[in-house]
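Structure assessment
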Amino acid sequence: MSERSALIIGNGGREHAFAKTLGDNVTIYVAPGNAGTGLMSNVTNVVVDDPATFVTEHSIDVTIIGPEAPLVAGVSDNLRSADVTVVGPSQFAAQLESSKSFACNFMDKHGIAYPKSTTVHNLDQYNAITDDATTIVIKADGLAGGKGVVLPESNAVATATLEAMFDGAYDGAGKNGVVIQERLSGPEVSAFALTDGTDFVLLPFAQDHKRLKDGDKGPNTGGMGAYAPVPESIVSPAQYEKIKDIAKKTVDGMKADGHPYQGILYIGVMLAQERGGDPVVIEYNARFGDPEAEVVLTILAEAGVDVYELLKSTDSKLNGELLEGLNLTQSALTICFASAGYPESSHKGDEILGLDTEFPDGVFVHHAATTLNNDGDVVTNGGRVLYVTSVADTIDEAATNAYSVIGDNGVHFEGMQYRTDIGKQARTT
Ligand code: AMP
Ligand code: GLY
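Reference entry: report on the structure contained in this document. (Residues numbered from 1 in each chain as written. Chains lettered and ligands numbered in written order. Predicted model: local features only at pLDDT ≥ 70, side-chain atom pairs only at ≥ 80, totals over all residues. Heavy atoms only, no water.)

Another point: the overall build of the protein. Counting secondary structure elements, the protein contains 13 helices and 23 strands. What you see for the protein is a C-alpha radius of gyration of 21 Å, in line with the 22 Å of a compact globule of 429 residues. By principal-axis analysis of the C-alpha atoms, the protein measures approximately 60 × 50 × 45 Å. Split into buried and exposed, the 429 residues of the protein put 57% on the buried side. Long-range pairs, those at least 24 residues apart, make up 66% of the contacts in the protein between residues at least 6 apart in sequence. (Helix = DSSP H or I, 4+ residues; strand = E, 2+ residues; numbered from the N terminus. Rg over C-alpha atoms; globule rule 2.2 N^0.38 Å. Buried < 20%, exposed > 50% of the residue type's maximum accessible area, 1.4 Å probe, protein only. Contact = heavy atoms within 4.5 Å.)

Here the structure, examined in full by the defined rule, presents 16 salt bridges. We note a salt bridge from Asp 315 to Arg 80, for which the minimum N-O separation is 2.7 Å. Here Arg 80 lies in helix H5 (residues 75-81) and Asp 315 lies in the loop between helix H12 (307-312) and strand S18 (331-338), a separation of 235 residues in the sequence. A residue is classified by how much of its surface remains accessible, and Asp 315, at 18% relative accessible area, is buried. The network of salt bridges with shared partners includes Arg 4, Asp 306 and Glu 309. (Salt bridge = Lys/Arg side-chain N within 4 Å of Asp/Glu carboxyl O.)

The full set close to ligand 1 counts 16 residues, and Lys 139, Glu 182, Leu 184, Glu 188 and Glu 283 are the nearest of them. Contacts to ligand 1 include Gln 181, whose side-chain N or O atom sits 3.1 Å from a nitrogen atom. The contact in question runs from an oxygen atom of ligand 1 to an N or O atom on the side chain of Glu 283, over 2.8 Å. Calculation on ligand 1 without its partners gives an accessible area of 470 Å², and the protein chains cover 90% of this total. Classifying every residue of the shell around ligand 1 by side-chain character gives seven nonpolar, two polar and seven charged. (Near = heavy atom within 4 Å. Polar contact = N/O pair within 3.5 Å; in protein donor to acceptor, adjacent residues only side chain to side chain. Areas by Shrake-Rupley, 256 points an atom, 1.4 Å probe, with all protein chains shown as cover. Nonpolar A, V, L, I, M, F, W, Y, C, P; charged D, E, K, R; others polar.)

The strand order S19-S22-S21 describes an open sheet built from three strands, whose pairing is antiparallel. Since the sheet does not close on itself, it has two edges, and those belong to strand S19 (347-351) and strand S21 (370-372), each with one partner. Adjacent strand axes in the sheet meet at a mean angle of 30 degrees, parallel and antiparallel pairs treated alike. (Pairing = 2+ DSSP bridges. Axes fitted to C-alpha atoms, helices over the stretch in contact; angles between N-to-C directions.)

Before going further, it helps to examine the site of ligand 2. Neighbouring residues of ligand 2: Asp 208, Lys 210, Gly 222, Tyr 266, Asn 285, Arg 287, Gly 289, Asp 290, Pro 291 and Glu 292. Between ligand 2 and Glu 292 there is a distance of 2.9 Å, counted from a nitrogen atom to a side-chain nitrogen or oxygen. Burial of ligand 2 by the protein chains amounts to 90% of its free accessible area of 200 Å². A class-by-class count of the residues in the shell around ligand 2 yields two nonpolar, three polar and five charged.

Among the residues of helix H13 (residues 395-404), those classed as buried are Ile 395, Asp 396, Ala 398, Ala 399, Asn 401 and Ala 402. Buried residues belonging to H13 abut strand S15 (225-228), S18, strand S20 (363-367) and strand S23 (384-392).

Across the five residues of strand S22 (residues 378-382), four count as buried, placing the element largely inside the fold. Direction of pairing for S19 relative to S22: antiparallel, over a ladder of three bridges. Residue Lys 348 lies in a different strand from S22, and its bridge partner there is Asn 381. In the sheet, S21 pairs with S22 via three bridges, with the strands oriented antiparallel. The partner of Thr 371 across the bridge, within S22, is Val 379. Hairpin connection between S21 and S22: a loop of five residues separates the two successive antiparallel strands, and Gly 376 in this loop has a positive phi of roughly 85 degrees.

With respect to the helices and strands, Thr 389 occurs in strand S23. Only 2.8 Å separates the side chain of Thr 389 from the side chain of Thr 334, close enough to count as a polar contact. Those residues in contact with Thr 389, other than ones at most four positions away along the chain, are Glu 294, Thr 298, Leu 333, Thr 334, Gly 362, Val 363, Phe 364 and His 366.

Moving on, we come to helix H11 (residues 292-302). Among the 11 residues in H11, nine count as buried, and that is most of the element. By the burial criterion, the buried members of H11 are Glu 292, Ala 293, Glu 294, Val 295, Val 296, Leu 297, Thr 298, Ile 299 and Leu 300. After H11 finishes, the residue Gly 304 shows a positive phi value of roughly 90 degrees.

When you tally the buried positions in strand S17 (residues 278-285), you get six out of eight residues, the bulk of the element. What sits between the antiparallel neighbours strand S16 (residues 263-272) and S17 is a turn of five residues, in which Gly 276 has the positive phi angle 65 degrees.

Structurally, the position occupied by Ala 191 is in strand S10 (residues 188-195). Separated by 47 residues in the primary sequence, Ala 191 and Ala 144 have C-alpha atoms spaced 22 Å apart. In this view, Ala 191 contacts Phe 205, Ile 243, Leu 265, Tyr 266 and Ile 267; residues no more than four positions away in its chain are not counted.

This is how it looks when you write it as structure tokens:
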């Protein structure tokens, strides 16, 4: 085993982004990975039932847990008790993501701004809070595969949603309570802190595009595209400092409560018009964002940051010096291609064409729900299929280059859905 070796758990674009930015000199296993990770020369896709045993047997240096489900299941705790170096918080700390009520109580206690929230267990309790569903947001308390947040457009939709949540129709999330939040408005920013539980560093911010369709229309998705870094015209230096303060209060608060948070902390903030543009925490996640990882990790790696060492250091003593003097001269943008039917359903087995097209410099593909069929063709294998990612000197150039490789003469597949306005808020063209 080479000195640098990693097990990455997950199968999305985020995990492909980890694999691509850890470095060519790292021996990487991805469990289970996708067609894109499988095609990398320094990567082996593996099926792993017991990560602690796999890592020990293969003497792997660091394990990076991509998605929330294994974190919430306690995989990082199992690994740490087997003396394995892990990027990811404990099961307890991951409640910042897995339990909306845990997160609300935590923010209350530590003076962190979030929308006014009340937990309800039945319709009577809900009706006592509001008679206008268009002013609130409904959040199932628990993991619901990214579908647990609903912004109802009518009272009828709110009632039907709540009934379904109480019934367990959202993967069981909501059975034990649903959080009703005041609905705020303003730009959203994905902020990522790396922390060892005591110290933290903020990574360059990203903006995600959660809605399926152009102009932020259509249903919420896991994310249809992202770009980074976010310009000062969107996050002012004063707002930046306030977001940094939220990160500090979060890290300090978890430590003070006896459960230091180690790993990647995702703070989803809204610069709320209703609060004079002050950042308000919309959600915490216990992991990197997807597709934010595809752009944030890419610009860090392009700027020469040792992503491997930086992530690894969250398990013991954060090496924030790796970001000192960081001079970002490039912007990155990523466009998600979803399969027909997404987000309600997805389509598998459609051949993805144009992957061998000659792309402009700085343009490449992050695979997500892709696999190889029996003929060795890359085919769709779920909802968010792949991302065309582009890195260039400006966000305008990155966008032009990325969009130039999409379509009949470039990357395409039957029924594909993508947005044509990724990064628009930061673009001048
Ligand atoms: P979440 O999964 O909590 O990030 O919510 C998904 C999306 O719903 C967010 O990215 C926001 O666009 C929207 N959202 C969540 N909470 C609120 C809120 N309190 N006010 C307005 N929009 C919200
Ligand atoms: N892109 C949003 C998320 O990862 O939750």
